[in-house]
Amino acid sequence: MTTTVIFLVLIGLMSIRAPIAVALGLSSLVGLLLSGISLEIIVQRMVATNNSFPLLAIPFFILAGEIMSTGGMSRRLVNFAGALVGHFRGGLGAVAVLSSSFFAALSGSNAATVAAIGGVMNEPMAEKGYRPSYTAATIAAAGVTGMIIPPSVLLILYGVVTGVSIADLFLAGIGPGVLICVSLLILNWVLARKENVETEPFKGGGEIWRTFKAAIRPLLMPVIILSGIYGGVFTPTEAAVVAVFYGLVVGILFREFTMEGLYRAFGRAVVSSAVVMFIMNAAGLFAWLITINQIPQSISTYLAGAAGSQIVYLLFVNVFLLFVGCLMNAAAAIVIFTSILYPAAMAFGVDPVLFGIIVAVNLSIGTVTPPLGVDLFIASAITKVSIERIVVAIWPYILVLLIDLLLITFVPPISTFLVRLFS
């Protein structure tokens, strides 16, 4: 009875558009009252949720991304991507996709990627004759790599919840990120045949070299992070601090930002980190409550028996998480549903690193899927295109992303090859 009430309250609050952290917190409060558990446990569980060294990586990676996106860093990445792919059919669309993948390696966030690259690409694409809905859909879909290419906030959360190596998860995210980027580039080339836009001339290797030199400083940050982690120099959490230090040193030495810009970057990072941690606290309490009521164990046992095989179970996980991703914040979803889905996946012999990538890709696709995909709203705000028009234009991208998801799910080496190579 208590379990039913908890979920009914949660669904009811979400249906009236209550913030996800508030919905999780209030439904947990109802559950505690019905269970007769002292409300002191709320503070205890929130402190326990925050008491995690790997979790420290999130605010630092968010801050590093904000610092590196201040003072024209994102524009330099766009210029370099333009020199590489801008001369192809639909060149500016390809630039949006490729530069989003570059920026994803700095931000670890879909929303930040869409906002940064969308802000740079919207006006040039409009000037070259791209339809506004096409521009908005391309920018939104390109941001999907933000939660997959390391450093990824979602993969950090998955590692914290399950205990799986965050370093291995980062390494495993590279292959799927590249696959999604390439598939979106191909789709953009196909769709661009219908767009009445001019093809830019190739400016030669000199332009590539010039823009590469201008973009080398932001491009070096993910190289330093990954090489330091896999070289055994520092942990992923320490790597986040190194990333912040690198961003500050580069910004100060090369005058990449003003003190006012740096102040705004810190402010945005504080707000973003607070949002994530508020959700984590509420989700941690909710996850603990359903765990002591044996809900994850019961559901996991039922799913394992009902699925019968690894293939069927993974298909179910994909369908379920795609649905969840459409309706719920990804950070909350990964904390709550990983505890439910992970045990059955292990019972079927699924690689825990691969399962983390599957979860992250599903929830990333959810950010561009109606009705509540957050990237759709960000793209709409940037381009001034209605959500309805973006939804119509984005379906080809979603279809390609679903094909990528199936490949990632059932061709494990896409994710695990680099992990095994460096293990």
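Residues numbered from 1 in each chain as written. Predicted model: local features only at pLDDT ≥ 70, side-chain atom pairs only at ≥ 80, totals over all residues. Heavy atoms only, no water.

### Let's talk about the overall build of the protein chain
Across its full length, the protein chain carries 20 helices and 0 strands. Against the globule reference of 22 Å for 423 residues, the protein chain gives a C-alpha radius of gyration of 21 Å, in line with a compact fold. Dimensions along the principal axes, computed over C-alpha positions, put the protein chain at roughly 70 × 45 × 45 Å. The buried share of the protein chain, reckoned over its 423 residues, is 54%. Intrachain contacts of the protein chain at a sequence separation of at least 6 include 79% that bridge at least 24 residues. When the accessible surface of the protein chain is split by element, carbon and sulfur atoms take 69% of a total near 17,700 Å². Averaging the locations of the 19 positively and 16 negatively charged side chains of the protein chain gives two centres separated by 6 Å. (Helix = DSSP H or I, 4+ residues; strand = E, 2+ residues; numbered from the N terminus. Rg over C-alpha atoms; globule rule 2.2 N^0.38 Å. Buried < 20%, exposed > 50% of the residue type's maximum accessible area, 1.4 Å probe, protein only. Contact = heavy atoms within 4.5 Å. Areas by Shrake-Rupley, 256 points an atom, 1.4 Å probe, with all protein chains shown as cover. Lys, Arg positive; Asp, Glu negative; His and termini not counted. Charge placed at Lys NZ, Arg CZ, Asp CG, Glu CD.)

### Some thoughts on the pattern of salt bridges
Evaluated as defined, the whole model comprises 3 salt bridges. As a salt-bridge pair, E207 and R210 come within 2.8 Å of each other at their nearest N and O atoms. Of this pair, E207 and R210 are both found in helix α11 (residues 205-230), 3 residues apart, which corresponds to roughly one turn of the helix. (Salt bridge = Lys/Arg side-chain N within 4 Å of Asp/Glu carboxyl O.)

### As for the environment of V276
Summarising the element assignment, V276 is placed in helix α13 (residues 259-292). The contact partners of V276, leaving out residues within four places of it in the chain, are I58 and I62.

### As for a nonpolar patch on the surface
Residues I311, L315, L399, I403, L406, L407, F410 and V411 make up a contiguous nonpolar surface patch of roughly 680 Å² in combined accessible area. Every element with two or more residues in the nonpolar patch is listed here: α15 (310-327) and α19 (387-410). With 5 residues, the top contributor of residues to the nonpolar patch is α19. Mapped onto the elements of the fold, L406 is located in helix α19. Using a relative accessible area of 43% as the deciding quantity, one classes L406 as partly exposed. (Patch = residues over 30% accessible without salt bridge, like charges linked within 9 Å, V, L, I, M, F, W, Y side chains within 5 Å.)

### Considerations on the side chain of S273
Mapping S273 onto the fold places it in helix α13. For S273, the contacting residues outside a window of four places in its chain are P59 and I62.

### Describing the packing of aromatic side chains
All chains considered together, the criterion is met by 12 aromatic pairs. When the centroid spacing of 6.4 Å and the interplanar angle of 40° are considered together, the rings of Y230 and F422 count as tilted. Of this pair, Y230 sits in helix α11 while F422 sits in helix α20 (residues 413-422); the two residues are 192 residues apart in sequence, bridging distant segments of the chain. Note on Y230: relative accessible area 26%, which makes it partly exposed. (Phe/Tyr/Trp six-rings, centres within 6.5 Å; stacked < 30°, edge-to-face > 60°.)

### Section: the confidence of the model for the protein chain
Summary statistics for the protein chain give a mean pLDDT of 84 and a share of 98% for residues scoring 70 or more. Within the protein chain, the element-level pLDDT minimum falls on helix α14 (residues 295-307), averaging 76, and the maximum on helix α17 (residues 352-366), averaging 93. (pLDDT = per-residue confidence, 0-100.)

### Concerning helix α5 (residues 73-85)
With 13 residues, α5 extends 19 Å between its outermost C-alpha atoms, agreeing within 8% with the 18 Å of an ideal straight helix rising 1.5 Å per residue. For α5, the set of buried residues is M73, S74, L77, V78, F80, A81, A83 and V85. Elements that come into contact with the buried residues of α5 comprise α4 (57-68), α6 (91-107), α7 (110-127), α11 and α12 (236-253). (Expected span 1.5 Å × (residues − 1).)

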